[in-house]
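Residue-level structure breakdown
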Amino acid sequence: MGWGGLAGRSRSRDDRSILTSRGSSPVTQRDLLSPSPGSKPPERAAANVRAALGLLSALASQGLELVVLCPGSRSAPLAQAAALLEARGLRLLTAIDERSAAFFALGHGKATGRPAAVITTSGTAVAQLLAAAVEADLGTVPLLLLSADRPERLKNCGANQSVPQEQFLAVCCRWVGLGCGDGLAAMTVAELQAMAARAMGAARGDGLGAPAGAVHLNLPFEEPLHIEGPALAALALEPSLWLSQASVSAPLPALVDSRGAGAGASGAGAGLDSGGGAAALDPDRPGVVVAGPWRGDPADWSGHVEALQIWLRRSGWPLLADPLSGLRGLKGLPLVAAYDLILAAPPAELAAGQVLRLGSLPASRRLQQWLQALGGDQVLVSQGDGRRLDPLGTVPAHRQWSAGLARWLAALPGLEEGASPAAACLDLQRRWCRADAAVQGLLDQQLEAPDRLGEVWLARSLSRLLPADLPLMLASSSPVRDWESFGDPSAPHRLIHGFRGASGIDGTLSMACGLAEAHGQLVLISGDLALLHDANGWLWQRQLRGRLTVVLIENGGGGIFEQLPIRTEPAAALDFERLFAMPQSLDQLALAAAYGVPGRRLERPEQLAAALDWALAQPLALVEVRTDRRADAELRCRLRTMASRQLLLP
């Protein structure tokens, strides 16, 4: 099966992406939705709402719980249907910014493992969904995008707001479902139910040959679009025809691949049933486990951890765990957190002949370079994502297993769980853990009593101060990297989210709001440009049920660029501030206050604990920490040099 499914651009009545067998639905079902040929405009408007009700209720029967509605006229039937279904338990939120809405839904889907839906009108509104769809694709997050559209007869003829929107998201969607070109009301109940079942299954990756991701349903509506009050009230009182058709009996065809021939050659089926069994590693020879960001279904988490514990007990291998792996802070693991600093000058005695890689790579470039130079026997295990996840080129295709760690472990031949680890494996584990302990001691010493507010100090302090099990989101660029290198591995366990699929700063605040809505409470650590880029995310404060604390690192622009070899000597040869850092003259506390969000600014390091206590008690609050990005970049370099020297000591 392929990854996407834009099954054609222009469709006639009987050649469309409906996903059911044509002619399988009784005429009586069609009559329930569609007006007769001689019907009056009010009847056609009601038919639009009935069709929207049919689709949304079918999605709800498949597990849809949350809808985020954006404003628009063409999408009016969907808006009215969502409002009617809200009384039946569907959660409905509204957002004026389509990009923010999509990232809110993305965060919610990341936390729950279930797709939330975004409804938009036609035209450029659909283009605003692209960034979130990209992140859902690469991050394997379920997401459902519903766009209203003009009917087929208004396409390619100069009609207002008629654009090829069905193509906008196709390249990064698991499936693009196209409603009937004559309008959604021309579809039968069974066709709407089949479309809903296919959409939810593709978004979740339910055994359909691809991981979770975004699905786009492009839904044409014929005018009139707006139903009158009495008719709407009557619809609300009608028997629940849209809820009475719960089963889907029509067969669901395979996905159509919109990415061209061969796109699924290394698809999600790789490693699932290769016939040769799991790609094995020898637990009696030294090796390391490298755990990247967790991208599986939350329901699979406990099984993943249990399988990892079994492998670590049997092999005795050390565990190099990215903070986004969710493994830091768990008890009883031979965890190494300071690998980025250790590998600034990698000691030869830490080399291993085998590597078990879990998911995509951690952010550390030093770790990536070490793995590439290490070579050896490497196996990559992912949670249902069979796309190639090895930019280093060290894992052959037959050594990537996409059925998850628990099934990989179960498929290994002759693994004796009760056997003791080999002495050589335990010796390598001790060497890694000693190196980590030495670096952690150095960090404690150097960051114990800071004389200023700094990003490195903030990462280490927050890892200790935040309450146990309080979920956290790390924005892209510096925050996620600082937590990887300088967070305290002995700090309490917590679920840590980051969106490193595409590693953009789009939608940072809105994603955090979606996560907070799902988890009940969340802390976001963000840089100033990322927060400003998504300032409309503050608008969620009026609807948000979860608590959100935002810790802002205000360092006058893009601090990540200070960590790259961009500045020149002489400095006048390149205007670094204008071309890269791009500082903005803006008071973020005042901006948040304009949205009704309270905030505080730290002046000294010792104020952090009290500011956190205050912020965590608020529904939504901002804590600003002003830092010096050049000084922090110099400190990171100095700490890496000191760590390398520390490891050279006898």
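Since this is a predicted model, take the numbers as computed values, not measurements. (Residues numbered from 1 in each chain as written. Predicted model: local features only at pLDDT ≥ 70, side-chain atom pairs only at ≥ 80, totals over all residues. Heavy atoms only, no water.)

1. Details of the overall build of the protein chain
Each helix and strand in the protein chain was counted, giving 22 helices and 18 strands. For the protein chain, with 650 residues in total, the buried portion stands at 57%. Element-wise, carbon and sulfur atoms account for 53% of the exposed surface of the protein chain, whose accessible area totals about 25,000 Å². (Helix = DSSP H or I, 4+ residues; strand = E, 2+ residues; numbered from the N terminus. Buried < 20%, exposed > 50% of the residue type's maximum accessible area, 1.4 Å probe, protein only. Areas by Shrake-Rupley, 256 points an atom, 1.4 Å probe, with all protein chains shown as cover.)

2. Focus on the packing of aromatic side chains
Each pair of aromatic rings is reported with the distance of its centres and the angle of its planes. Under the criterion given, the structure shown has 7 aromatic pairs. Ring plane angle 85° and centroid distance 5.2 Å describe the contact between Trp 311 and Trp 317, whose orientation is recorded as edge-to-face. Taking the relative accessible area as the measure of exposure, Trp 311 reaches 0% and is therefore buried. Judged by relative accessible area, Trp 317 falls into the buried class, the value being 0%. Between Trp 370 and Trp 432, the aromatic rings sit 5.6 Å apart at their centres with planes inclined by 80°, giving edge-to-face as the arrangement. Of this pair, Trp 370 sits in helix H12 (residues 365-374) while Trp 432 sits in helix H14 (residues 423-447), placing them 62 residues apart in sequence. Residue Trp 370 is classed as buried on the basis of its relative accessible area of 9%. (Phe/Tyr/Trp six-rings, centres within 6.5 Å; stacked < 30°, edge-to-face > 60°.)

3. Observations concerning the pattern of salt bridges
Evaluated as defined, the whole model comprises 32 salt bridges. Among the ionic pairs, Lys 155 bridges to Asp 149, the shortest N-O distance being 2.8 Å. We note that Lys 155, like Asp 149, is buried. Note that Asp 377 is salt-bridged to Arg 399, the shortest N-O span being 2.6 Å. One end of the pair, Asp 377, is in strand E11 (residues 377-381); the other, Arg 399, is in the loop between E11 and strand E12 (400-401), with 22 residues separating them in the sequence. Of the residues examined, Asp 377 reaches a relative accessible area of 26% and is grouped as partly exposed. Residues participating in the shared-partner salt-bridge network are Asp 137, Arg 174, Asp 385 and Arg 387. (Salt bridge = Lys/Arg side-chain N within 4 Å of Asp/Glu carboxyl O.)

4. Some thoughts on empty space enclosed by the protein
For the coordinates displayed, the defined rule picks out 6 cavities of 30 Å³ or more. In this structure, the largest cavity occupies an estimated 190 Å³ of space. Taken together, 19 residues make up the lining of the largest cavity; nearest its centre are Pro 293, Arg 295, Gly 359, Ser 382 and Gln 383. Broken down by class, the residue content of the lining of the largest cavity amounts to 8 nonpolar, 9 polar and 2 charged. (1 Å grid on protein atoms, 1.4 Å probe; cavity = no way out; pocket = protein on both sides within 12 Å on 5 of 7 lines; lining within 4 Å. Points joined across faces, edges and corners; volume = space filled by probe spheres on them. Nonpolar A, V, L, I, M, F, W, Y, C, P; charged D, E, K, R; others polar.)

5. A word on unusual backbone geometry
Backbone torsion omega between Glu 223 and Pro 224 reads 5°, so that peptide bond is classified as cis. The amide bond that connects Glu 569 to the next residue, Pro 570, takes the cis arrangement and shows omega of 0°. One can find Pro 570 in the loop between strand E16 (547-554) and helix H19 (576-581).

6. A few points about the nonpolar core
Counting residues in each nonpolar core, the largest one holds 53 residues, and the members touching the most others are Trp 538 and Leu 548. At 7 residues, the largest contribution of residues to this core is made by helix H4 (residues 98-112). Residues contacting Leu 548, with those up to four places away along its chain left out, are Leu 509, Ala 512, Cys 513, Ala 516, Leu 522, Leu 524, Pro 619, Leu 620 and Ala 621. In terms of nonpolar packing, the next biggest core, distinct from the first, is built from 47 residues, Ala 52, Ala 199, Ala 203 and Val 215 among them. (Core = buried A, V, L, I, M, F, W, Y, C linked by side-chain atoms within 4.5 Å. Contact = heavy atoms within 4.5 Å.)

7. A few points about the sheet that holds E11
Reading across from one edge, E9-E8-E7-E10-E11-E12 is the order of the 6 strands in this open sheet, with parallel pairing throughout. Every interior strand has two partners, whereas the edge strands, strand E9 (335-336) and E12, have only one. With 5 bridges joining them, strand E10 (residues 354-358) and E11 adopt parallel strand pairing. Note on E11: the bridge partner recorded for Gln 354 is Asp 377. (Pairing = 2+ DSSP bridges.)

8. A closer look at helix H22 (residues 629-648)
The end-to-end C-alpha separation of H22 is 29 Å, in line with the 28 Å expected for 20 residues at 1.5 Å each. Every buried residue belonging to H22 is among Arg 629, Asp 632, Ala 633, Leu 635, Arg 636, Leu 639, Arg 640, Ala 643, Ser 644 and Leu 647, and all of these are buried. Those residues of H22 that are buried lie in contact with helix H11 (339-342), H12, H14, helix H15 (455-465), helix H16 (478-486) and H19. Of the residues that open H22, the one with a side-chain oxygen 3.1 Å from the backbone nitrogen of Arg 630 is Asp 628. (Expected span 1.5 Å × (residues − 1). Polar contact = N/O pair within 3.5 Å; in protein donor to acceptor, adjacent residues only side chain to side chain.)

9. Structural notes on the packing of H14 against H15
At a minimum axis separation of 11 Å, H14 and H15 run at an interaxial angle of 110°. Judged on the interaxial angle alone, H15 and H14 are roughly perpendicular. Two secondary-structure elements touch here, H14 through Gln 440, Leu 443, Asp 444 and Leu 447 and H15 through Val 456, Trp 457, Arg 460 and Arg 464. When the residues that make up the contact of H14 with H15 are grouped by side-chain class, the tally is 4 nonpolar, 1 polar and 3 charged. (Axes fitted to C-alpha atoms, helices over the stretch in contact; angles between N-to-C directions. Parallel < 35°, antiparallel > 145°, perpendicular 65-115°, else oblique.)

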